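# Tertiary structure, described
Chain residues, written in single-letter form:
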Amino acid sequence: QVQLVESGGGLVQPGGSLRLSCAGSGFTFSNYVMNWYRQAPGKSRELVAGITAGGITNYPDSVKGRVTISRDNAKSTVYLEMNNLKPEDTAVYYCNARWIANHWGQGTQVTVSS
């Protein structure tokens, strides 16, 4: 059974930092492109960061310089380090694994507010 379990979300003040984790199981993690997406209320889901099986990273301009994605294939875990958080980063953050199949986690809430 494929599972992606996110953790690390929560409430943080503007300018603060968070580290999200996503642990995968039930599939060959090392073969998959791993992505983080987010969805804010009333908005469509958007890509936050991606990392290929070979470790090449991809970030949209909206978050470039503030987020870092990394992976530990030995632990089947992908991480998202977020710095200088802004209220507009408030969203549910989803982990995604994509290769021969497309898997999603249940999401973790990130709220940036003073």
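It should be noted that the structure appears before, not after, this text.
Computed from a predicted model, the values in this text were never measured in an experiment.

### Let's talk about the state of the cysteines
Evaluation of the coordinates by the stated rule reveals one disulfide. Shown here is the disulfide that connects Cys22 with Cys95, its sulfur atoms set 2.1 Å apart. The sign of the S-S torsion, about -80°, decides the handedness of the disulfide formed by Cys22 and Cys95: left-handed. One end of the pair, Cys22, is in strand β3 (residues 18-25); the other, Cys95, is in strand β9 (residues 91-98), with 73 residues separating them in the sequence. For the pair Cys22 and Cys95, a shared accessibility class is recorded, and that class is buried.

### A few points about the pairing of β3
Within a regular strand, the side chains alternate between the two sheet faces. Across five bridges, the pairing between strand β1 (residues 3-7) and β3 is antiparallel. Bridging across to β3, Gln3 finds its partner in Ser25. Sheet topology note: the β3/strand β8 (residues 77-82) ladder contains six bridges and is antiparallel. Bridging across to β8, Cys22 finds its partner in Val78.

### Looking at the environment of Gln109
Within the secondary structure layout, Gln109 lies in strand β11 (residues 108-112). Residue classification places Gln109 among the partly exposed residues on the basis of a relative accessible area of 39%. The contacts of Gln109, once residues within four sequence positions are left out, are Gly9, Gly10, Thr90, Ala91 and Val92. At 3.3 Å, the side chain of Gln109 forms a polar contact with the side chain of Thr111.

### Overview of the sheet that holds β3
Strand order in the open sheet formed by four strands is β1-β3-β8-β7, with antiparallel pairing between adjacent strands. Edge positions in the sheet fall to β1 and β7 (67-72), since each of these pairs with one other strand and no more. With strand direction ignored, the average angle separating the axes of adjacent strands in the sheet is 15°.

### What to know about the packing of aromatic side chains
All told, the structure shown has four aromatic pairs when counted by the stated rule. For the pair Phe27 and Phe29, a centre-to-centre distance of 6.2 Å together with 40° between the ring planes defines the contact as tilted. No difference in accessibility class separates Phe27 from Phe29, as the two residues are buried. Taken together, the ring pairs connect Phe27, Phe29, Tyr32 and Trp99 into an aromatic cluster. Just above the ring of Tyr94 sits the side chain of Arg45; from NZ or CZ to the centre is 3.8 Å.

Cut-offs applied
- Residues numbered from 1 in each chain as written.
- Predicted model: local features only at pLDDT ≥ 70, side-chain atom pairs only at ≥ 80, totals over all residues.
- Heavy atoms only, no water.
- Disulfide = S-S within 2.5 Å.
- Helix = DSSP H or I, 4+ residues; strand = E, 2+ residues; numbered from the N terminus.
- Buried < 20%, exposed > 50% of the residue type's maximum accessible area, 1.4 Å probe, protein only.
- Pairing = 2+ DSSP bridges.
- Contact = heavy atoms within 4.5 Å.
- Polar contact = N/O pair within 3.5 Å; in protein donor to acceptor, adjacent residues only side chain to side chain.
- Axes fitted to C-alpha atoms, helices over the stretch in contact; angles between N-to-C directions.
- Phe/Tyr/Trp six-rings, centres within 6.5 Å; stacked < 30°, edge-to-face > 60°.
- Lys NZ or Arg CZ within 6 Å of the ring centre and 35° of its normal.

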